[in-house]
Each structure stands twice: as C-alpha cells, then as structure tokens.
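Chain by chain, the residues run as shown.
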Amino acid sequence: MAIVGAFARVDTEYTSACREELDQLGGVSTFDLDDPDKVGILIEADTLDDAHSTITKTIRSTTGVMGVWPVYVNTEDEQEQLD
C-alpha cells in the first residue's frame, strides 16, 4: 500500500466545493493547512503508480484545483513485497 501526503493549491472561490469533491473520492481525504489557498490531501492506494494516477488525473481535474504536489510518500508494504 502506498500512502501519499500532498498539498493542493485551490482557487479560494471553490475551496469548500473542492474539499467536498475530494473527500468523496475513494482513498482520498483532506485536512486543513494554515494557508487558505491550499488544501492538504492524504491518498491511500494499492501502489505508488495508483497514487500517482489519482493525483495526476483525478485530483488534478477536481473543481478549483490549480496544482498538486506530493510532500510525503510511504511505500513500506511495497518494498517488503519486493524483498
């Protein structure tokens, strides 16, 4: 399992709608940041490739999202399976 923490820059006009839409996505949850132009996102996916796809395709196309960048990645389970 891959766990990715990311920040999304959002248009403040759409912040609440954006958060609601993101929270409805499977494996995605949001959290508050001190910056009103940003939303924290936690992505849980089967693989790092799946998490990347969620970020670049699904989250990036969510209403109000202007950009997304990962800030934390944990793939311990994937590494253990490779060993």
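In what follows, the structure referred to is the one given above.
The present account deals with the structure reproduced in this document.

**As for the pattern of salt bridges**
Tallying each qualifying case throughout the model produces 3 salt bridges. With a shortest N-O distance of 3.9 Å, D37 and R9 are connected by a salt bridge. Within this pair, whereas D37 is found in the loop between β2 (28-31) and β3 (38-45), its partner R9 is found in strand β1 (residues 2-10), the two being separated by 28 residues in sequence. D37 gets classed as partly exposed once you look at its relative accessible area, which sits at 29%. Overall, the relative accessible area of 31% leaves R9 in the partly exposed class. For the salt bridge of D32 with R19, the shortest nitrogen-to-oxygen distance reads 2.6 Å. A residue pair is termed long-range when its members are at least 10 positions apart, and D32 in the loop between β2 and β3 and R19 in helix α1 (residues 15-23) qualify at 13 residues.

**Description of the sheet that holds β1**
Each strand in a sheet pairs with another by means of backbone hydrogen bonds, the pair being arranged parallel or else antiparallel. Within the open sheet, the 4 strands sit side by side as β2-β3-β1-β4. Their pairing is antiparallel. The open sheet has two edge strands, β2 and β4 (65-74), and neither has a second partner. With direction set aside, neighbouring strand axes in the sheet form an average angle of 25 degrees. When β1 meets β3, the two strands line up antiparallel, connected through 8 bridges. Opposite I3, over in β3, you have E44 as the bridge partner. Contacting β1, β2, β3 and β4, α1 crosses the sheet at an angle of about 145 degrees to β2. On the sheet, helix α2 (residues 48-59) packs against β1, β2, β3 and β4 and is oriented at approximately 140 degrees with respect to β3.

**Thoughts on the nonpolar core**
Grouped together as the largest cluster of nonpolar side chains are 16 residues, with contacts concentrated most on I41, I43, I59 and V68. Not counting residues up to four positions away in its chain, the partners in contact with I41 are V4, G5, A6, A8, L22, V28, S29, T30, F31 and I59.

**Concerning the packing of aromatic side chains**
Enumeration over the complete set of coordinates arrives at 1 aromatic pair. Geometrically, the ring pair formed by F7 and W69 is edge-to-face, given 6.2 Å between the ring centres and 85 degrees between the ring planes. Of this pair, F7 sits in strand β1 while W69 sits in strand β4, placing them 62 residues apart in sequence. Residue class for F7 comes out partly exposed when judged on its relative accessible area of 24%. With a relative accessible area of 31%, W69 lands in the partly exposed category.

Rules behind the numbers
Residues numbered from 1 in each chain as written. Predicted model: local features only at pLDDT ≥ 70, side-chain atom pairs only at ≥ 80, totals over all residues. Heavy atoms only, no water. Salt bridge = Lys/Arg side-chain N within 4 Å of Asp/Glu carboxyl O. Helix = DSSP H or I, 4+ residues; strand = E, 2+ residues; numbered from the N terminus. Buried < 20%, exposed > 50% of the residue type's maximum accessible area, 1.4 Å probe, protein only. Pairing = 2+ DSSP bridges. Axes fitted to C-alpha atoms, helices over the stretch in contact; angles between N-to-C directions. Contact = heavy atoms within 4.5 Å. Core = buried A, V, L, I, M, F, W, Y, C linked by side-chain atoms within 4.5 Å. Phe/Tyr/Trp six-rings, centres within 6.5 Å; stacked < 30°, edge-to-face > 60°.

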